[in-house]
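Read off the chains here:
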Amino acid sequence: MGNKVTVFEKHLELSHPDEGLALLGSCNGHAEMVGKALNVTVEATATGIVIRGNKKAVETAWRIYNRLHELCRAGSAPVTEQLIRYLVDASLEGDLTSAEKFTPNLICVNAKGRPILSKTVGQQQYVEAIKNHELTFAIGPAGTGKTYLAVAMAVKAFRAHEISRIVLTRPAIEAGENLGFLPGDLQSKVDPYMRPLYDSLNDLMGFEVYQRHLERHEIEISPLAYMRGRTLDDAFIILDEAQNTTREQMKMFLTRIGYNARAVVTGDITQIDLPQRRKSGLAEAAKLLGSLEGVTSIRLTERDVVRNPLVQRIIRAYEKEASRAKDDRRRSGR
């Protein structure tokens, strides 16, 4: 006779049928996601949810669903596929205890009335850092919300009259090109570089409101080169794609910060488009200035990616390849 497999089960009691719909998902989509990832079955019962499988996996799934239930009852955040995936990934990486403490916090409401929330522990730490420091460096891969959350915090401060203008800037370097390669006048040349910033402001403020503030010069979007010689008082300043700044450009930007100003510098040091032999000013500035009063540095990781899960897998693949290449160089003595 073969060994009998013991199926362990655990119940989660719910107080309302709507909670079951939220937790299990439309057509049991959420339940299938958790079940596939943890090798358990998740089913509805007359009074709640039952989870079946081996004991360790069931305990993990129950903790995930219990946390989702707490958030659901508190009304602090909708139960989304992204939130469930975040908790599942944390459990698979042995970090569920930290993720269980995460509560999405409301940053602001966009032009369509949709709440803008932090979606990971890293994003939450990023938002708190911006709130509590005059200068915040945010370094992390694509899809972690570095730019969008910074713009959201700027819009929030602007609406609360904490500052009188928003200044957004980027170095005009992308994928080996520069302004001279693009057709048209200066504005036409600048627009493609600034499009992600336009899109964020349009989403958060609405096109008409955004345009009105732009015409009043209460919102300014311009290349980094235009910051030279200025002092930016009473402003929320964002330097985006800062990995493409040189040491000199970074110093120039940081010395523009005036009174009652808040600055956020974002970038991904794995995607530097500067010419060869030019060092990025971002990593150096974050390391050099991170311990100064009023300054902080936040590192976001693939765990904080809130785009398609494929993006997480792509980032991890590149990181593994970079790690292998580094080990090969070390072994060869180069």
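Below: a short report on this structure. Note that the structure is predicted; figures quoted are calculated from it, not measured. (Residues numbered from 1 in each chain as written. Predicted model: local features only at pLDDT ≥ 70, side-chain atom pairs only at ≥ 80, totals over all residues. Heavy atoms only, no water.)

1. Examining helix α10 (residues 247–254)
And step 1. Three or more residues of α10 are buried, namely Met250, Met252, Phe253 and Leu254.
And step 2. Residues of α10 that are buried make contact with β6 (135–139), β7 (165–170), β11 (235–239), β12 (262–267) and α11 (281–289). (Buried < 20%, exposed > 50% of the residue type's maximum accessible area, 1.4 Å probe, protein only. Helix = DSSP H or I, 4+ residues; strand = E, 2+ residues; numbered from the N terminus. Contact = heavy atoms within 4.5 Å.)

2. Overview of the sheet that holds strand β3 (residues 48–53)
And step 1. Strands sit in the order β1-β3-β2 across an open sheet of three strands; the sheet is antiparallel. Two strands close off the open sheet at either side, each with one partner strand: β1 (8–13) and β2 (41–44). Ignoring which end each strand starts from, the neighbouring axes of this sheet average 20 degrees apart.
And step 2. Pairing between β2 and β3: four bridges, direction antiparallel. Bridge pairing in β3 places glutamate 43 opposite valine 50. (Pairing = 2+ DSSP bridges. Axes fitted to C-alpha atoms, helices over the stretch in contact; angles between N-to-C directions.)

3. Let's talk about the sheet that holds strand β13 (residues 295–299)
The strands that make up a sheet are held in pairs by hydrogen bonds between backbone atoms, and each pair lies either parallel or antiparallel.
And step 1. On the basis of which strands lie adjacent, the open sheet formed by six strands has the order β10-β7-β11-β12-β6-β13 and parallel pairing. Strands at the two margins of the open sheet, each flanked by one partner only, are β10 (219–223) and β13. Here the average twist between neighbouring strands, direction ignored, is 15 degrees.
And step 2. Sheet strands touched by α11: β6, β12 and β13. Its angle to β6, the strand with the most contacts, is close to 130 degrees.

4. Description of the nonpolar core
And step 1. Ranked by size, the top nonpolar core spans 36 residues in total, and within it Tyr126, Ile166, Leu201, Ile221 and Phe236 carry the most contacts.
And step 2. The element that contributes the greatest number of residues to this core is helix α7 (residues 146–159), accounting for nine residues.
And step 3. The contact partners of phenylalanine 236, leaving out residues within four places of it in the chain, are Ile130, Ala150, Met153, Ala154, Ala157, Ile163, Arg165, Ile166, Val167, Arg262 and Val264. (Core = buried A, V, L, I, M, F, W, Y, C linked by side-chain atoms within 4.5 Å.)

5. So, the pairing of β7
And step 1. Counting buried positions along β7 gives five out of six residues, so the element sits mostly inside the fold.
And step 2. Summarising the sheet, β7 and β11 pair through five bridges and their orientation is parallel. Within the sheet, the bridge partner assigned to isoleucine 166 lies in β11 and is phenylalanine 236.
And step 3. Note: β7 against β10, five bridges, orientation parallel. Counterpart to threonine 169 in the pairing with β10 is serine 222.

6. Re the packing of helix α6 (residues 121–132) against α7
And step 1. Axis separation between α6 and α7 bottoms out at 11 Å; the angle between their running directions is 40 degrees. In terms of orientation, α6 lies oblique with respect to α7. Seen along the crossing, α6 lies across α7 with a hand that is right-handed. Together, Gln123, Tyr126, Val127, Ile130 and Lys131 of α6 and Lys146, Leu149, Ala150 and Met153 of α7 make up the contact between the two elements.
And step 2. Class assignment for the residues of the contact of α6 with α7 results in six nonpolar, one polar and two charged. (Parallel < 35°, antiparallel > 145°, perpendicular 65-115°, else oblique. Left-handed = near helix turned anticlockwise from the far one by under 90°. Nonpolar A, V, L, I, M, F, W, Y, C, P; charged D, E, K, R; others polar.)

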